[in-house]
Structures are given as C-alpha cells and as structure tokens.
Amino acid sequence: MKVFIVYCHPSEDSFTRNVRDSFIKGIVDSGNEYVISDLYKMNFRTDMSEKEYLRDSNYSTEPGLESDVLAEQEKINSADAIAFIYPVFWTEAPAKLVGWFDRVWSYGFAYGNKTMKVLDKAIILCTAGKNTEYLEELGLLGSMKKVMLGDRLYNRVKESDFVVFGGMSKALKLRHTNWDKYLKIAYRKGYTL
Ligand SMILES: Cc1cc2nc3c(=O)[nH]c(=O)nc-3n(C[C@H](O)[C@H](O)[C@H](O)COP(=O)(O)O)c2cc1C
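Residues numbered from 1 in each chain as written. Predicted model: local features only at pLDDT ≥ 70, side-chain atom pairs only at ≥ 80, totals over all residues. Heavy atoms only, no water.

> Explain helix α7 (residues 174-191) to me, using residue names and the numbers behind them.
A rise of 1.5 Å per residue sets the reference length of α7, with its 18 residues, at 26 Å; its end C-alpha atoms lie 26 Å apart and thus fit the reference within 8%. Considering bend angle alone, the principal kink of α7 is centred on D180 and spans about 35 degrees. Within the span of α7, buried status applies to R175, N178, Y182, L183, A186 and G190. If you follow the buried residues of α7, they end up packed against α1 (15-29) and β5 (157-165). (Helix = DSSP H or I, 4+ residues; strand = E, 2+ residues; numbered from the N terminus. Expected span 1.5 Å × (residues − 1). Bend = angle between axes of the 7 residues up to and from the residue. Buried < 20%, exposed > 50% of the residue type's maximum accessible area, 1.4 Å probe, protein only. Contact = heavy atoms within 4.5 Å.)

> Break down the packing of α1 against α7 for me, citing the residues and quoting the values.
With their axes 6 Å apart at the nearest point, α1 and α7 run at an angle of 30 degrees to one another. Note that α1 runs across α7; the crossing there is right-handed. Residues F15, N18, V19, S22, F23, K25, G26, I27 and D29 of α1 form the contact with α7, whose own contacting residues are R175, W179, Y182, L183, A186, Y187, K189, G190 and Y191. Looking at side-chain class alone, the contact of α1 with α7 contains 10 nonpolar, 4 polar and 4 charged residues. (Axes fitted to C-alpha atoms, helices over the stretch in contact; angles between N-to-C directions. Left-handed = near helix turned anticlockwise from the far one by under 90°. Nonpolar A, V, L, I, M, F, W, Y, C, P; charged D, E, K, R; others polar.)

> Quick rundown of the nonpolar core? Include the residues and the values.
Formed by 33 residues in total, the largest nonpolar core has its most connected members in I76, F84, Y86, L97 and W100. When residues of this core are traced back to their parent elements, those giving at least two are β1 (2-7), β3 (81-87), α4 (95-104), β4 (119-127), α6 (140-153) and β5. Within the second largest apolar cluster, 20 residues are counted, among which are F15, A83, I85 and L183. (Core = buried A, V, L, I, M, F, W, Y, C linked by side-chain atoms within 4.5 Å.)

> Explain the packing of helix α3 (residues 67-77) against α4 residue by residue, including any values.
Between α3 and α4, the least distance of the axes is 10 Å, while the angle of their chain directions is 90 degrees. In terms of orientation, α3 and α4 fall into the roughly perpendicular class. On the side of α3, the interface is formed by D68, V69, E72, Q73 and I76, while α4 contributes W100, R103 and V104. Looking at the contact of α3 with α4 residue by residue, the class counts come to 4 nonpolar, 1 polar and 3 charged. (Parallel < 35°, antiparallel > 145°, perpendicular 65-115°, else oblique.)

> Give me the lowdown on the layout of surface pockets, citing residues and values where you can.
Here the largest pocket is characterised by a volume of approximately 380 Å³. Forming the walls of the largest pocket are 20 residues, and the residues nearest its centre are V88, F89, T127, A128 and G129. Looking at the lining of the largest pocket residue by residue, the classes come out as 9 nonpolar, 7 polar and 4 charged. (1 Å grid on protein atoms, 1.4 Å probe; cavity = no way out; pocket = protein on both sides within 12 Å on 5 of 7 lines; lining within 4 Å. Points joined across faces, edges and corners; volume = space filled by probe spheres on them.)

> Please provide a residue-by-residue account of the site of the ligand, values included.
Taken together, 14 residues sit near the ligand, with T16, V88, W90, T91 and T127 positioned nearest. One nitrogen or oxygen atom from the main chain of A128 is found 3.4 Å from an oxygen atom belonging to the ligand. The protein chains hide 75% of the 630 Å² of surface that the ligand would expose on its own. For the shell around the ligand, the residue count by class is 6 nonpolar, 6 polar and 2 charged. (Near = heavy atom within 4 Å. Polar contact = N/O pair within 3.5 Å; in protein donor to acceptor, adjacent residues only side chain to side chain. Areas by Shrake-Rupley, 256 points an atom, 1.4 Å probe, with all protein chains shown as cover.)

Here you go:
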C-alpha cells in the first residue's frame, strides 16, 4: 500500500511533528510506502488566484492548472490511502491546509466529472489543545468531523478514520501524560493502515 501524507504544522518543535514521525515509522515497519507533502516546508501557495477561482466557480474543465496543484493531484492518484496530520486551529485545520483543499480539490478533479481516484482509506490525525471530551461536549469535534469526513473526503474514499489527540496544550500537565500513549497510537495507526 502507498500512503500519501499531507502534513501541516508550522514548527518542527511540536507534538504534531512527533505524531508524523511515529505514524511514518509504523508505515515503514509494516512494509508499506509513503510520500509526504509538508505544506509549510514546501511553502505551498494556498491562496486561490482569480484564474483558479473563475475556473472552479464556472465549472470549467479547461487545462492549465498550476504545476504545484497538478503535482499534488498526481500524488493522490498514485496512492492507495491518504493521511492528514495537523493541529486544530480554531476548530479547523490550519489555514494552509484549508487552502490546499481550495486549490487541489479542483473542478474536474475532486468534483464534477471527477478524475480523482477513489482511495481505499483516509486517516486524519489531529492534535488539539483542549481535551477530546470537552470538544465533544461543545459539538466542536462533531463540526470538525463533519467538514473533513462529510464534505472534503465524503465519497472520495472508501473508509475513513478520524483520530483526535486532545489535551495537548502546552499549558496542560496532561500533555506530558498523554505524549507516549498518543505516539504509540500514531505508530499503530501507521502500522495497521
Ligand atoms: C492559532 C491557534 C489556534 C488554536 N485553536 C485551537 C482550537 O480551536 N481548539 C483546540 O483544542 N486547540 C487549539 N489550539 C491548540 C493547538 O491545537 C495545540 O497547540 C496543538 O495541538 C498542540 O500540539 P503542537 O505541539 O503540535 O502544536 C490552537 C493553537 C493555535 C496556535
């Protein structure tokens, strides 16, 4: 199995980076392969240009998508599974990942007469400052899942898994308690993908 990882965190000095590394170790140890797009490192442009907006909003399939978008689409269509790894920012993915969807999920690829492959699996590994029970109680976890699974991934994948590593704020002691336990889960998710 080939896994395409879309990773989005502005700093290597982060728990999310450790989640990424444990997940990758699991993939490699299980004998599977991966490719990764590290959106901040790539300096991936996430603002839609006017040309891109007009193409998508007019449901146009004209060629001429930018090469960075085509490269991401090629990574998707060459993979069997996709993984998204990011921290929760204001009950969403970081703006950089949201913008990646705006540009890469283009008309004629992800919607309309789609050329996007239906992937076997998708996994979302996100880290959150607040604990998971609190996010659930306020309906915020439901919102995050709805947007990622019910809209962006929807029928573009056969199976999906949404994992939240909550309580990881630097202000919480819980961050240290959870650290190793969560990284084991991330490893296992990579190993059993
Ligand atoms: C701009 C910003 C917005 C955030 N918004 C949320 C939020 O809405 N909900 C939440 O639980 N945590 C939020 N957090 C906390 C991050 O999710 C948390 O810092 C991160 O998961 C901890 O892992 P890290 O060491 O990888 O950054 C936010 C953090 C930042 C910097």
